[in-house]
Amino acid sequence: MTEEPQSTYEPTWLVAANVVKWRRWGDLGQELRPGTKAYRGGAKVYVVDTYPGMGNEQLTTVGRGRHTGRWISIDTSTRHLHTFRAKLVHAPAVLRRCDGLPVGREAAERLAETLDRIAREQRQSYHAGPHPDPCLCHACLTGEASG
């Protein structure tokens, strides 16, 4: 019998989020697309890197891919994610991809609050046109869109 190799990764606090079920797409955001090209709508992803110099408009995320179900690491627009929260991660597949990013619980909670605010602002300001009728985008479904 072969023994399973012992995991050398320590649990780490990361920011977890979910992919929006529907996102606006196309000219003035009049079309709706489910999830993103890489992730299904509602999929849980982990934020393993941010780009503060770009206003955190893009994040490096790790999650299960839409087509294969395997763990993937990809840059994702912050506006396509919601429900940011701090989460203690034990999954070796995620920890391997985050390069042992040392983040404490408090830092992860602060980052989650910041990213949630940025995502809401981006969803409201990204498309110049009015929402289609009826609209199923995340902002309309949750009551974020006011106006």
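Residues numbered from 1 in each chain as written. Predicted model: local features only at pLDDT ≥ 70, side-chain atom pairs only at ≥ 80, totals over all residues. Heavy atoms only, no water.

Caption draft 1: Seen up close, the nonpolar core. Counting 15 residues, the largest nonpolar core has Val-15, Leu-81 and Phe-84 as the members making the most contacts within it. Counting only elements with at least two residues in this core, the list comes to β1 (12-19), β4 (44-50), β7 (81-89) and α2 (105-125). Residues within four places of Leu-81 in sequence aside, it is in contact with Ala-17, Asn-18, Val-19, Val-20, Val-45, Leu-59, Thr-61, Thr-76, Ala-119 and Arg-123. The next biggest cluster of nonpolar side chains, apart from the first, holds 9 residues, and it includes Ala-16, Tyr-46, Val-89 and Val-94. (Core = buried A, V, L, I, M, F, W, Y, C linked by side-chain atoms within 4.5 Å. Buried < 20%, exposed > 50% of the residue type's maximum accessible area, 1.4 Å probe, protein only. Helix = DSSP H or I, 4+ residues; strand = E, 2+ residues; numbered from the N terminus. Contact = heavy atoms within 4.5 Å.)

Caption draft 2: Region of interest: α2. Relative to the 30 Å expected for 21 residues at 1.5 Å per residue, α2 spans 30 Å between its end C-alpha atoms, a close match to the ideal helical length. Ala-108, Ala-112, Leu-115, Ile-118, Ala-119, Gln-122 and Arg-123 are the residues of α2 that are buried. For α2, the arc enclosing every buried residue in end-on projection is 140°, short of the 170-degree limit, so these residues lie on one face. Counted as exposed and oriented over 90 degrees from the buried face of α2: Glu-106, Arg-110, Glu-113 and Ser-125. (Expected span 1.5 Å × (residues − 1). Arc of directions from axis to C-beta.)

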